[in-house]
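Examining the three-dimensional arrangement
These are the residues of each chain, in order.
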There are 2 protein chains.
Amino acid sequence: MTTPLAAKIARDYGTPALVIDMDRVERNIARIQAACEAAGVANRPHIKTHKSPMLAKMQIAAGARGITCQKLGEAEVMAEAGIDDILISYNLLGDEKMARLGALQAKANVTVVADNSVVVAGLPKAAAQSGREVCVAVECDTGRKRAGVETPAEAIALAREIAATKGLSFAGFMLYPTESGWLEAQKFYDEALAGVRAAGLEPTLVSTGGSPNMKNVGKLKGATEHRPGTYIYNDRMQVAAGVAGWDDCALTVYATVVSRAGPDRGILDAGSKTLTSDTGGGLEGHGLILEHPEARIARFAEEHGFLDLTRSNTRPSVGDVVRIVPNHVCVVVNMVDEVVMVRGDEIVGTLPVAARGRLR
Amino acid sequence: MTTPLAAKIARDYGTPALVIDMDRVERNIARIQAACEAAGVANRPHIKTHKSPMLAKMQIAAGARGITCQKLGEAEVMAEAGIDDILISYNLLGDEKMARLGALQAKANVTVVADNSVVVAGLPKAAAQSGREVCVAVECDTGRKRAGVETPAEAIALAREIAATKGLSFAGFMLYPTESGWLEAQKFYDEALAGVRAAGLEPTLVSTGGSPNMKNVGKLKGATEHRPGTYIYNDRMQVAAGVAGWDDCALTVYATVVSRAGPDRGILDAGSKTLTSDTGGGLEGHGLILEHPEARIARFAEEHGFLDLTRSNTRPSVGDVVRIVPNHVCVVVNMVDEVVMVRGDEIVGTLPVAARGRLR
């Protein structure tokens, strides 16, 4: 079964195609903005999900304070488009990046993060180039074992180091609590706050993170802002985390059944070069097919999605165009140079994924 | 420890960066060309690995008969660059693709494949547009359970259907035997061949596939050509398959250690948006770090590679630039718009990944 819209998408663009429903995008933007406001924190959406200046501007127009970027290259694209309040939530290192950071400071108000002294020692080179202080927040590891200082004592020491370094100013703390770790995060933050205050410093930015953490937004006493990303599109992970429903999933991948090759099998023209091998933290299968929810996208070749239809009562035919909610939308968007925008059953146009592949 | 070349790459391009050693690329091209010639089959390299017309032309200059593309969009890029013998090893469906295939036929000699009647029924639309017959090979499933007709009887029936369809001509058979399944493939092919001959048809193209299958190249009696792809760069999968050594790996990902965050841990600036979540068929870890082979790239966030250093005697420092042999190079190349070319310790320039993201 191919919906009328799917037939139009296939006719005008071919498959596989990434399609975003702008009505849902706008609803998601409004809903999370309202949730942040109700929780008393600013919204600083993470643009790594959509990588589009137009969508970032829609988020800001809806009330977001600014944006979050994971990579300097993303921030450059956003600043070029006129966005002027950017948090780069990533340790930046090396002369090449310092020169670019200095240039970026001429275009936007930028805050960066650091979790170690090597990063702090490098940042003054950007300040020397721009003639502006670099605002630096301390990234704190509150349980994810990703980046971040591991103890309040380290956070305090690094904050003091930042404040004592010519060309840098201490901005505050960036945290990314685990979904069950908000009490620990509070303890970490309270200790770090007391320590920096004892050193005469005051954080102006206290940032918490994550769309799956929307259910905890505002829980950290002292937080000034939250950094949700995935909420603009949502995906199977968000639904599994209980922060979105299927009707909140604004992006679907349209793919064609190109082969059946056996009664219990089928092949989609979307493989790991479209949907990616990201399991979404261990979800079963590589996406949900809306037309055949019992079908399983069992595995991938680069351009083949292998359908297991053994549990499926309805079987697609060769030529059917189906819609797939991906496991993890952020990595899927990053595969394509543009997405197709629709409203209801109408195609609106295409939107460049302008910061696609800006991995440095 | 950062090598002098790695320091230069970081200074000139920043990290993460994909770097190809052109001496190794040339050696790999020559070695596989010689192996095909020794086995008495033509070489039709699969360009899905490099997606670069320049490298495709180097393969042809070394003696390759033509190229293989997985997607129509890849073939369009290659034909635009002047390559004129192209096998598209994929079922093509839908009016949008038929119009493009017709246009492509004006620029290059194209052969496509089909494994079902729906695909065969659609292809005459391309012929009607181009005024040229479309050459169609029957894709046969010889054990991989991907696309392909499952029995010789189906192959014969589809070949007859192709030959009987106005605008189409029967080209032959495309097979992709499993590494241990060459006897079965031979049996399949022999039966199919006898069947089409009985119908007055003669295959001109009998194509086997895969770089891991280079150890079996020429084994199928009757094969006219082989379609190796990954061999131009190689990767951990190829080494694990026993068809390449580490010195044959021509592409490495240069990444910076941006955080240590604990004595047994570390963070690379290359995550799933650079190295992808492809496990390379179940390899342990997400790539081999040449400077720290005992270190494990244990998991990913989108822009973070999580290092597990518990088994590693040597520990990288923040700021170190390391080189990673990826699990599956074909999907990693597809993440970037360009790669950096080097010879020995010298940077030669950059090479566009011209067909990157051409997924339709």
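Counting of residues starts from 1 at the beginning of each chain's written sequence and follows it residue by residue. Chain letters and ligand numbers both follow the written order, the letters beginning at A and the numbers at 1. Under the rules for a predicted model, residues below a pLDDT of 70 receive no local features and side-chain atom pairs below 80 are neither given nor counted, while totals for whole chains, interfaces and linings still include all residues.

As a further point, take the overall build of chain A. Counting from the N terminus, the helices are the DSSP runs of H or I reaching at least four residues and the strands are the DSSP runs of E reaching at least two. When you go through chain A residue by residue, the secondary structure sums to eleven helices and 17 strands. Relative to a compact globule of 360 residues, whose C-alpha radius of gyration would be 21 Å, chain A shows 22 Å and is just as compact. Considered along the principal axes of its C-alpha atoms, chain A spans approximately 70 × 40 × 35 Å. Buried, partly exposed and exposed are defined by the number of other C-beta atoms within 10 Å of a residue's own C-beta, namely 20 or more, between the two limits, and 12 or fewer respectively, with C-beta atoms placed from the backbone. Expressed as a percentage of the 360 residues in chain A, the buried residues total 60%. In this description the radius of gyration comes from C-alpha coordinates, and the expected globular size is given by 2.2 Å times residues to the power 0.38.

On to the pairing of strand β14 (residues 305-308) of chain B, then. All names here are of chain B. Pairing between strands is defined by DSSP: at least two bridges between the two strands are required. Of the pairings in the sheet, the one linking strand β11 (residues 265-268) to β14 comprises four bridges and is antiparallel in character. Within β14, the residue paired with I267 across the bridge is F306. With four bridges connecting them, strand β13 (residues 296-300) and β14 associate as antiparallel partners. Bridged to I297 within β14 is L307.

Here we take up the packing of helix α4 (residues 72-80) of chain B against helix α5 (residues 95-105) of chain B. Residues and elements named next belong to chain B. Helix axes are fitted only over the stretch in contact, all axes being lines through C-alpha atoms; the angle between N-to-C directions runs from 0 to 180 degrees. Contact pair α4 / α5: the axes reach a minimum separation of 11 Å and the direction vectors enclose 25°. Between α4 and α5, the angle is such that the two are roughly parallel. In the packing of α4 onto α5, the handedness of the crossing is left-handed. On α5, the residues that touch L72, A75, E76 and A79 of α4 are K97, R100, L101 and L104. In this classification, Asp, Glu, Lys and Arg are treated as charged, Ala, Val, Leu, Ile, Met, Phe, Trp, Tyr, Cys and Pro as nonpolar, and every other residue, Gly included, as polar. Here the residues of the contact of α4 with α5 are counted per class, giving five nonpolar, no polar and three charged. Note on terminology: angles under 35 degrees are roughly parallel, angles over 145 are roughly antiparallel, angles of 65 to 115 are roughly perpendicular, and the others are oblique. Should the near helix be turned counterclockwise from the far one by less than a right angle, the crossing is left-handed, whereas a clockwise turn marks it as right-handed. Placing C-beta atoms from the backbone, we regard two residues as in contact once those atoms come within 7 Å.

A few words on the relation of the copies chain A and chain B. In the superposition of chain A on chain B (RMSD 0.0 Å, axial shift 0.0 Å), the rotation amounts to 180°. What the superposition gives is, in effect, a two-fold axis relating one chain to the other. The position closest to the rotation axis in chain A is occupied by the C-alpha of S277(A), lying 2.6 Å away. Here 98% of the interface residues in chain A have copies in chain B that are interface residues too; the copies meet face to matching face. To superpose the copies, least squares is applied to the C-alpha atoms of every residue with a pLDDT of at least 70 in both.

With that out of the way, let us pick up the interface of chain A and chain B. Between chain A and chain B, the residue contacts involve 54 residues of the former and 54 residues of the latter. Among the secondary structure elements, those contributing two or more residues to the side of chain A that touches chain B are α1 (4-13), β4 (85-91), α5 (95-105), β10 (251-259), β11 (265-268) and α11 (329-333) of chain A. Each residue belonging to the side of chain A that touches chain B can be placed in one class, and the counts come to 17 nonpolar, 18 polar and 19 charged.

The next thing to look at is the sheet that holds strand β8 (residues 205-209) of chain A. Residue and element names in this part refer to chain A. Pairing within the open sheet is parallel, and its eight strands lie in the order β2-β9-β8-β7-β6-β5-β4-β3. Each edge of the open sheet is held by one strand with a lone partner, namely β2 (42-43) and β3 (67-69). Relative to β4, β3 runs parallel, the two sharing three bridges. From the neighbouring strand, I67 faces β4, where its bridge partner is I86.

It is worth spelling out the nonpolar core at this point. Counting 237 residues, the largest nonpolar core has V136(A) and V136(B) as its most contacted members. In this structure V136(A) touches V112(A), V113(A), A114(A), V120(A), L123(A), I162(A), L168(A), F170(A) and A171(A), once residues within four positions along its chain are discounted. Joined through C-beta atoms within 7 Å, a set of buried Ala, Val, Leu, Ile, Met, Phe, Trp, Tyr and Cys residues constitutes a nonpolar core.

All names here are of chain B. Across the sheet, eight strands lie side by side as β2-β9-β8-β7-β6-β5-β4-β3; this open sheet has parallel pairing. Looking at which strands have only one partner, the edges of the open sheet turn out to be β2 (42-43) and β3 (67-69). Sheet analysis places β2 next to strand β9 (residues 225-227), joined by two bridges and oriented parallel. Across the sheet, the residue bridging to A42 is E225, located in β9.

Residue and element names in this part refer to chain A. A domain assignment, automatic or from a database, supplies the domain bounds used here. Split into domains, chain A comes out as domain 1 (4-20 + 237-345) and domain 2 (46-228). On a C-alpha basis, the centres of domain 1 and domain 2 stand 35 Å from each other. Listed per partner, the contact involves seven residues of domain 1 and eight residues of domain 2. Of all the elements, α11 adds the most residues to the side of domain 1 that touches domain 2, at three residues. When its residues are assigned to classes, the side of domain 1 that touches domain 2 shows five nonpolar, two polar and no charged.

Further remarks concern the environment of A147(A). Examined against the element boundaries, A147(A) turns out to sit in the loop between β6 (134-140) and α8 (152-164). Using a count of 28 C-beta atoms within 10 Å as the deciding quantity, one classes A147(A) as buried. Apart from the residues lying within four places of it in its own chain, the contact partners of A147(A) are N91(A), D115(A), E139(A), D141(A), S259(B), A261(B), I267(B) and H304(B).

Summing up the model confidence of chain A, the mean pLDDT is 97 and the portion of residues at 70 or higher is 100%. Among the prediction metrics, the complex's ipTM stands at 0.97, with pTM recorded as 0.97. Confidence per residue, as judged by the predictor, is encoded in pLDDT with a range of 0 to 100.

This part is about the pairing of β11(B). With burial as the criterion, each face of β11(B) is covered, one bearing R265(B) and I267(B) and the other bearing G266(B) and L268(B). Turn length for the strand β10 (residues 251-259) of chain B-β11(B) hairpin, with the two strands adjacent in sequence and antiparallel, is five residues, and the turn residue A261(B) shows positive phi of about 50°.

Before going further, it helps to spend a moment on α5(B). Every buried residue belonging to α5(B) is among K97(B), M98(B), R100(B), L101(B), G102(B), L104(B) and Q105(B), and all of these are buried. Lining the buried residues of α5(B) we find α4, β5 (109-114), α6 (117-122) and α7 (124-130) of chain B.

Looking at where G319(B) falls in the secondary structure, it is placed in the loop between β14 and β15 (321-325). With 62 residues separating them in the primary sequence, G319(B) and V257(B) have C-alpha atoms 5.4 Å apart. With residues up to four places along the chain from it excluded, the contact list for G319(B) reads L93(A), V118(A), T256(B) and V257(B).

With an omega of 0°, the peptide bond running from T15(A) to P16(A) counts as cis. Here P16(A) shows up in the loop between α1 and β1 (17-21). If you check the backbone angles, K145(A) has positive phi at about 55° while not being a glycine. Of note, K145(A) is situated in the loop between β6 and α8. The backbone of T276(B) shows a phi angle near 65°, a positive value even though the residue is not glycine. Within the secondary structure, T276(B) sits in the loop between β11 and β12 (288-289). Judged by the 27 C-beta atoms lying within 10 Å of it, T276(B) falls in the buried class.

Residues and elements named next belong to chain A. Expected span, for any helix, means 1.5 Å times one less than how many residues it has. Between the first and last C-alpha of α8 there are 18 Å, a value that for 13 residues agrees with the 18 Å anticipated at 1.5 Å per step. Of all the positions in α8, only P152, A155, I156, L158, A159 and I162 are classed as buried. Down the axis of α8, the smallest arc covering the buried residues is 165°, so these residues share one side. The exposed residues of α8 that point more than 90 degrees off its buried face are A153 and A164. Turning to α8, the residues buried within the fold contact β5 (109-114), α6 (117-122), β6, β7 (168-175) and α9 (182-198). The reported arc concerns the directions from the helix axis to the C-beta atoms and nothing else.

All names here are of chain A. Residue placement: E346 occurs in strand β17 (residues 346-352). On the basis of neighbour counts, which here come to 10 C-beta atoms within 10 Å, the residue E346 falls in the exposed class. Spatially, the C-alpha atoms of E346 and P4 are 9.8 Å apart, while their sequence positions differ by 342 residues.

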